[in-house]
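Close look at the chain arrangement
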Amino acid sequence: MRVAVVDLGSNSTRLLIAERETSGKVQFGKFYARRALRLLPALFAFLAITTLMFIGAGPASTAGGIKVTTFAVLGFVLWSEVRGNTDMNVFRRRLPSNLIRQALTVALLAIGLVVGATLVLMSVEDLSLTPALFEVTSAFGTVGLSTGITTAIGVAGQLLLVLVMLAGRVGPVTFVTALALRERVPAYRYPEERPIIG
C-alpha cells in the first residue's frame, strides 16, 4: 500500500496563479482556508494511521509498537488522574503502581526512539518530517506500510529502519520483562518531596 505525500509548494503556486488569472486578484485568507479544508481529511488519516502504527497490536502478537494494553493502561491512568482517584481501578480491579510505571516507561522510551530515529533519518537522508515520521513509525510497529521512499533511501537510512524494526518488536517486551525481573525493595527510603506540577 502506498500513501501519497502531498507536495504543497508547487501545487499552491499553480493554484495561486490560476486564481489571479481568473478573478484578477488573490484573496489569501479564502485561498488557504479552501486549501486547508481540502487537506484536513488527508491530515487526519495520516495522524490516525501513524498513531495506530505506534500503538501496535495485542501483547501476545508478533507485531511491534507499544501494545494496546500499554496504551489502555495509559488512558486509564489519565482518566483516573483527572477524576482525582488515588487508586487505579479498571473493571473492578486495581492496577498496581509498578505496572503503571512500566507502562509510562515503555511509552516514553518508545516516543524517544521514534522521535530520535525520525530526526536521524531526516538528517541522513534529507527528508521532510512527514515521510520520515511515517517510515520510522511503520518500522517501529513492524507494519509494512511505506510512503514509497524506502527503496530510494541509502544504506544508512535502511540500517536505521532495520534497527528501529528490531527495537519495536523485541525492545518493549524485553524491556518490560527486565524491569519486572529486577524489581527489588530497597533497604531504606528517602523523604517524600512534592514539586509543583503543571
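Below is a short write-up of the structure. (Residues numbered from 1 in each chain as written. Predicted model: local features only at pLDDT ≥ 70, side-chain atom pairs only at ≥ 80, totals over all residues. Heavy atoms only, no water.)

1. Things to note about helix 4 (residues 97-125)
Between the first and last C-alpha of helix 4 there are 42 Å, a value that for 29 residues agrees with the 42 Å anticipated at 1.5 Å per step. Taken as a whole, helix 4 has its buried residues at Ile 100, Gln 102, Ala 103, Val 106, Ala 107, Ala 110, Val 114, Ala 117, Thr 118, Leu 121 and Glu 125. The first or second residue beyond helix 4 is Asp 126, which carries a positive phi of 55°. (Helix = DSSP H or I, 4+ residues; strand = E, 2+ residues; numbered from the N terminus. Expected span 1.5 Å × (residues − 1). Buried < 20%, exposed > 50% of the residue type's maximum accessible area, 1.4 Å probe, protein only.)

2. Focus on helix 5 (residues 129-140)
Between the first and last C-alpha of helix 5 there are 16 Å, a value that for 12 residues agrees with the 16 Å anticipated at 1.5 Å per step. Helix 5 sits mainly inside the fold: 9 of its 12 residues count as buried. Looking only at helix 5, the buried set comprises Pro 131, Ala 132, Phe 134, Glu 135, Val 136, Thr 137, Ser 138, Ala 139 and Phe 140. Two residues or fewer past helix 5, Thr 142 is found with a positive phi of approximately 45°.

3. Considering the environment of Thr 70
Among the structural elements, Thr 70 can be located in helix 3 (residues 68-83). For the pair Thr 70 and Leu 104, spaced 34 residues apart in sequence, the C-alpha to C-alpha distance is 8.1 Å. Aside from chain neighbours lying at most four places away, what touches Thr 70 is Ala 103 and Val 106. (Contact = heavy atoms within 4.5 Å.)

4. Considering the packing of aromatic side chains
Two aromatic rings, taken as a pair, are described by how far apart their centres are and by the angle between their planes. Here the structure, examined in full by the defined rule, presents 3 aromatic pairs. Measuring from centroid to centroid gives 5.6 Å for Phe 54 and Phe 140, while their planes differ by 25°, and the two rings are stacked. Taken together, the positions of Phe 54 in helix 2 (residues 28-55) and Phe 140 in helix 5 put the pair 86 residues apart, joining distant regions of the chain. The class for Phe 54 is buried, based on a relative accessible area of 15%. Relative accessible area serves as the criterion here: at 1%, Phe 140 is assigned to the buried category. (Phe/Tyr/Trp six-rings, centres within 6.5 Å; stacked < 30°, edge-to-face > 60°.)

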